[in-house]
Amino acid sequence: MQAETYPFVVRPLPYEYDELMPVLDEETLHYHHDKHYKTYVDNLNSALADYPELQKMSLKELLTNIEFLPMNVRVAIRNNGGGVYNHELYFDSMKGVAGQDPVGDLAEAIQRDFGSYKQWKEQMKQAAVLRFGSGWAWLVSDAQGTLSIVQTANQDVPDLDVYIPIFLVDVWEHAYYLQYQNRRADYVEGWFELINWRKAARRYEERGKKK
């Protein structure tokens, strides 16, 4: 994702609201993108409004320097900045159902680090479905290209100084409840069909190039 600074803006979806059907319907995407994600953007801008020195920092810089931020806005920036970062990557990592498969170096890395695509999928699904409460399951890489699966709670992010996010799945209830109710496993199973593997492959191949 390209870097940006304050004031942060709501990025449009890279597809139409009906393009992810039948896995994600229009109503779910409208609520998720237009309301939940927008709220995180608005709240992050509000937290930064009185801190011109912080307004020059990118989202990644804010999230990797949380412990150095002023105490009275630290939690707000962590929660809302993470909400912006996570949602932007989530929306940007999907495309219409098209039967894509892993490609290029990323496909080889999945085979190497997980044994097979099937084994990776089983571990990724388990991380998402068994994430207690609200949170995320991520596929990440280190600078050397080794892949791993991590979970984060709430709107936390992995250590962005160590890991390069490839993609993630949102398991907050607002991501799926209008359509799937409590059937998180069904939502996650459908999400695998939406992964934009070409974008994922580019993120993997470009790891470490962006600071």
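Now for a look at the structure at hand. Remember, predicted model here, so these are calculated numbers, not experimental data.

A few words on the nonpolar core. Ile 77, Leu 106, Trp 120, Phe 167 and Tyr 187 are the most contacted members of the largest nonpolar core, which totals 64 residues. Ignoring anything within four residues of it in the chain, the contact list for Trp 120 reads Ile 110, Phe 114, Leu 139, Ile 149, Phe 167, Phe 192, Ile 195 and Trp 197.

Take the side chain of Glu 4 next. Residue position: Glu 4 is located in the segment before α1 (26-48). At 3.5 Å, the side chain of Glu 4 forms a polar contact with the backbone nitrogen of Val 9. Of note is the side chain of Glu 4, whose polar atom sits 3.0 Å from the side chain of Arg 11. Sequence-distant contacts of Glu 4, defined by excluding residues within four places in its chain, comprise Val 9, Arg 11, Met 57, Ser 58, Leu 59 and Glu 88.

What follows deals with the pairing of strand β3 (residues 164-170). Where burial is concerned, most of β3 is hidden: seven out of the seven residues are buried. Two strands pair when backbone bridges link them, and strand β1 (residues 135-141) and β3 are joined in this way by six bridges, in the antiparallel orientation. Among the inter-strand pairings, Ser 141 is bridged to a residue of β3, identified as Ile 164.

With that out of the way, let us pick up unusual backbone geometry. In this structure, the amide linkage connecting Tyr 6 to the following residue, Pro 7, adopts the cis form with an omega of -5 degrees. Of note, Pro 7 is situated in the segment before α1. Its identity as a non-glycine residue notwithstanding, Asn 154 has a phi of 50 degrees, on the positive side. Of note, Asn 154 is situated in the loop between β2 (147-153) and β3.

Spatially, β2-β1-β3 is the arrangement adopted by the three strands of the open sheet, whose pairing is antiparallel. Two strands in the sheet have a free side with no partner beyond their single neighbour: β2 and β3. When strand polarity is set aside, the average angle formed by the axes of neighbouring strands in this sheet is 25 degrees. Against the sheet, helix α5 (residues 117-129) makes contact with β1, β2 and β3, and its axis sits at roughly 145 degrees relative to β1, the strand it touches most. Helix α8 (residues 197-205) rests against β1, β2 and β3 of the sheet, and its axis sits at about 145 degrees to β3.

Turning our eyes to something else, we now look at α5. With 13 residues, α5 ought to run about 18 Å at 1.5 Å a step, and its terminal C-alpha atoms sit 18 Å apart, in line with that. Within α5, the full set of buried residues consists of Trp 120, Met 124, Ala 127 and Ala 128. For α5, the buried positions fall inside an angular range of 95 degrees around the axis, keeping them on one side.

With respect to the helices and strands, Leu 69 occurs in the loop between α2 (59-63) and α3 (71-92). With a relative accessible area of 4%, Leu 69 lands in the buried category. In this structure, the C-alpha to C-alpha distance between Leu 69 and Leu 54, residues 15 residues apart in sequence, is 8.3 Å. Leaving out residues up to four positions away in the same chain, Leu 69 has contacts with Leu 54, Leu 62, Arg 74 and Ile 77.

The element β1 is largely enclosed, with a buried count of seven among its seven residues. Of the two faces of β1, the one carrying Gly 135, Ala 137, Leu 139 and Ser 141 and the one carrying Trp 136, Trp 138 and Val 140 are both buried. Bridge count for β1 against β2 is seven bridges, and the pairing is antiparallel. Bridging from a neighbouring strand, Ser 141 pairs with Leu 147 of β2. The loop that links β1 with its antiparallel partner β2 comprises five residues; one of these, Gly 145, has a positive phi angle of about 100 degrees.

Definitions and limits used
Residues numbered from 1 in each chain as written. Predicted model: local features only at pLDDT ≥ 70, side-chain atom pairs only at ≥ 80, totals over all residues. Heavy atoms only, no water. Core = buried A, V, L, I, M, F, W, Y, C linked by side-chain atoms within 4.5 Å. Buried < 20%, exposed > 50% of the residue type's maximum accessible area, 1.4 Å probe, protein only. Contact = heavy atoms within 4.5 Å. Helix = DSSP H or I, 4+ residues; strand = E, 2+ residues; numbered from the N terminus. Polar contact = N/O pair within 3.5 Å; in protein donor to acceptor, adjacent residues only side chain to side chain. Pairing = 2+ DSSP bridges. Axes fitted to C-alpha atoms, helices over the stretch in contact; angles between N-to-C directions. Expected span 1.5 Å × (residues − 1). Arc of directions from axis to C-beta.

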